[in-house]
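Given next are the chains, with one letter for each unit.
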Amino acid sequence: MRISFIGLGHLNSAIVAGLLADGYDPENLIATTHSEASAATRREEFGISVTAEENNPGTNAQAVADADIVVLGVKPFHIAETAQALADALRPDTVVVSVAAGTTLATLTSVLPEGQPVVRTMPNVALTVGKGVVGLARGATVTDAQVTQVEQLFAASGTVFQLSENQLNALGAMAGSGPGYVFRFVNALAAAGVELGLEEQVAQELARLTVVGAGAMLDHHDADPSALEDSIATEGGTTQAALNSMDANGFNDLIIKALQANVTRSEELGA
Ligand SMILES: NC(=O)c1ccc[n+]([C@@H]2O[C@H](COP(=O)([O-])OP(=O)(O)OC[C@H]3O[C@@H](n4cnc5c(N)ncnc54)[C@H](OP(=O)(O)O)[C@@H]3O)[C@@H](O)[C@H]2O)c1
């Protein structure tokens, strides 16, 4: 199966890295970027064919001409114009997959040839390490077999959840952006350690290793975060004192508000 990646930034690179780590034949992967500088970096990194739009304005169309799947991985505000510019070069059975936040199936189908199979997804960058999460909403004309092909593309490096389109922004708010919240938490933990008197470098390493360890404890399908929390929070002990402080300071409310802001931004991007 030939897969073309239009845009090879953080997210599409995560997909490519996952595929290559899973043994996918690099000959069947092709990609484009805007700049030649990015293209050269990615060619070096992945050993696949990468061409740049800035040197050759027709390169996106050329890249999709023989593709079974096209993954659109440019910024949300460029997705529609990018899809429109390559629309005439698509085979009628090529599945167009978007990874863009917000951009709706309706917007995508409006700029593509009538009946073109389309799938909207929301992955996260943990695909890079084979532990990604991917939300997938199918368009009206995509077949079951084509959806399975797209699921296989992501299953190489993550877990796919097929949802209705109106649930995709919620998945994005949780899992698409989620690694960013965890990295913010690591930085906050390190900063708090420094505040308590630790050397900065030591605090950063403690924060990183703590989250890596906790993540590994969660890395079983039947892991129960509440039971794990209880196993650490001794009755009347130190962890409980900290968790009580988090509760009193509205930790859960903070998370809900952050996710609501995320969904609102997805809706704005999709409008
Ligand atoms: N990052 C995430 O964690 C994440 C998660 C889920 C979904 N997404 C979605 O993934 C998409 C890309 O995000 P990103 O974080 O990967 O952005 P990014 O790192 O900025 O990558 C964008 C890529 O698009 C390329 N590009 C721009 N214009 C192009 C054109 N006309 N033709 C071909 N390539 C072009 C850029 O090339 P240059 O490098 O040469 O500019 C770059 O390779 C967005 O729609 C975002 O919503 C991202």
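Residues numbered from 1 in each chain as written. Predicted model: local features only at pLDDT ≥ 70, side-chain atom pairs only at ≥ 80, totals over all residues. Heavy atoms only, no water.

Next up on the list: the confidence of the model for the protein chain. Overall, the predicted model of the protein chain reaches an average pLDDT of 96, with 100% of residues at or above 70. Interface confidence for the predicted complex, given as ipTM, is 0.98, next to a pTM of 0.95. (pLDDT = per-residue confidence, 0-100.)

To continue, consider the environment of Gln167. Here Gln167 shows up in the loop between β8 (158-162) and α7 (168-176). Here the alpha-carbon distance between Gln167 and Ala137, two residues 30 residues apart in the chain, equals 8.7 Å. (Helix = DSSP H or I, 4+ residues; strand = E, 2+ residues; numbered from the N terminus.)

A word on the site of the ligand. The immediate surroundings of the ligand are formed by 22 residues, with His10, Leu11, Ser35, Ser38 and Val74 found nearest. Contacts to the ligand include Ser38, whose side-chain N or O atom sits 2.6 Å from an oxygen atom. Between the ligand and Lys75 there is a distance of 3.2 Å, counted from an oxygen atom to a side-chain nitrogen or oxygen. Its free accessible area being 910 Å², the ligand has 79% of it covered by the protein chains. At the level of elements, α1 (10-21), β2 (29-33) and β6 (118-123) are the ones that each hand at least two residues to the shell around the ligand. Looking at side-chain class alone, the shell around the ligand contains 10 nonpolar, 10 polar and 2 charged residues. (Near = heavy atom within 4 Å. Polar contact = N/O pair within 3.5 Å; in protein donor to acceptor, adjacent residues only side chain to side chain. Areas by Shrake-Rupley, 256 points an atom, 1.4 Å probe, with all protein chains shown as cover. Nonpolar A, V, L, I, M, F, W, Y, C, P; charged D, E, K, R; others polar.)

All right, on to the sheet that holds strand β1 (residues 3-6) then. Working definition: the strands of a sheet are paired by backbone hydrogen bonds and lie parallel or antiparallel to each other. With respect to topology, 8 strands assemble into an open sheet ordered β3-β2-β1-β4-β5-β6-β7-β8, the strand pairing being mixed. One side of each edge strand has no neighbouring strand; the edge strands of this open sheet are β3 (49-52) and β8. Neighbour-to-neighbour, the strand axes of this sheet turn through a mean angle of 20°, independent of strand direction. Alignment of β1 against strand β4 (residues 69-72), held across 4 bridges, turns out to be parallel. Note that in β4 the partner of Ile3 across the bridge is Ile69. Set on the sheet, helix α2 (residues 36-46) makes contact with β2 and β3; between it and β3 the angle comes to about 175°. (Pairing = 2+ DSSP bridges. Axes fitted to C-alpha atoms, helices over the stretch in contact; angles between N-to-C directions. Contact = heavy atoms within 4.5 Å.)

A few words on the nonpolar core. In terms of nonpolar packing, the biggest core is built from 30 residues, with Phe5, Ile15, Val71 and Leu153 touching the most fellow members. Among the elements that line this core, the one with the most residues is α1, at 6 residues. Once residues within four sequence positions are removed from consideration, Phe5 is found in contact with Asn12, Ile15, Val16, Leu19, Leu29, Ile30, Ala31, Thr32, Val71 and Leu153. Val64, Ala67, Val96 and Leu112 belong to the second-largest nonpolar core, a separate cluster that totals 19 residues. (Core = buried A, V, L, I, M, F, W, Y, C linked by side-chain atoms within 4.5 Å. Buried < 20%, exposed > 50% of the residue type's maximum accessible area, 1.4 Å probe, protein only.)

With that settled, consider the pattern of salt bridges. One pass over the structure, following the stated rule, counts 12 salt bridges. The salt bridge partner of Asp68 is Arg91, with a shortest N-O separation of 2.8 Å. Of this pair, Asp68 sits in the loop between α3 (59-64) and β4 while Arg91 sits in the loop between α4 (76-86) and β5 (95-98); the two residues are 23 residues apart in sequence, bridging distant segments of the chain. The class of Asp68 is partly exposed, set by a relative accessible area of 23%. (Salt bridge = Lys/Arg side-chain N within 4 Å of Asp/Glu carboxyl O.)

Let us now look at the layout of surface pockets. Picture a little ball the size of a water molecule; that probe, rolled over the atoms, points out where space is still empty. Roughly 1,200 Å³ of volume is contained in the second largest pocket. Around the second largest pocket sit 50 residues that line it, and Leu11, Gly73, Val74, Lys75 and Pro76 are the ones nearest its centre. Per-class residue counts for the lining of the second largest pocket are 20 nonpolar, 24 polar and 6 charged. (1 Å grid on protein atoms, 1.4 Å probe; cavity = no way out; pocket = protein on both sides within 12 Å on 5 of 7 lines; lining within 4 Å. Points joined across faces, edges and corners; volume = space filled by probe spheres on them.)

Turning to the packing of helix α8 (residues 178-195) against helix α9 (residues 200-217), a few remarks are in order. Contact geometry of α8 with α9 gives a least axis separation of 8 Å together with a crossing angle of 140°. As far as their axial angle goes, α9 and α8 are oblique. The hand of the α8/α9 crossing is right-handed. Judged by residue contacts, Val182, Phe185, Val186, Leu189, Ala190, Gly193 and Val194 of α8 engage Glu200, Ala203, Gln204, Ala207, Arg208, Thr210 and Val211 from α9. When grouped by side-chain class, the residues that make up the contact of α8 with α9 number 9 nonpolar, 3 polar and 2 charged. (Parallel < 35°, antiparallel > 145°, perpendicular 65-115°, else oblique. Left-handed = near helix turned anticlockwise from the far one by under 90°.)

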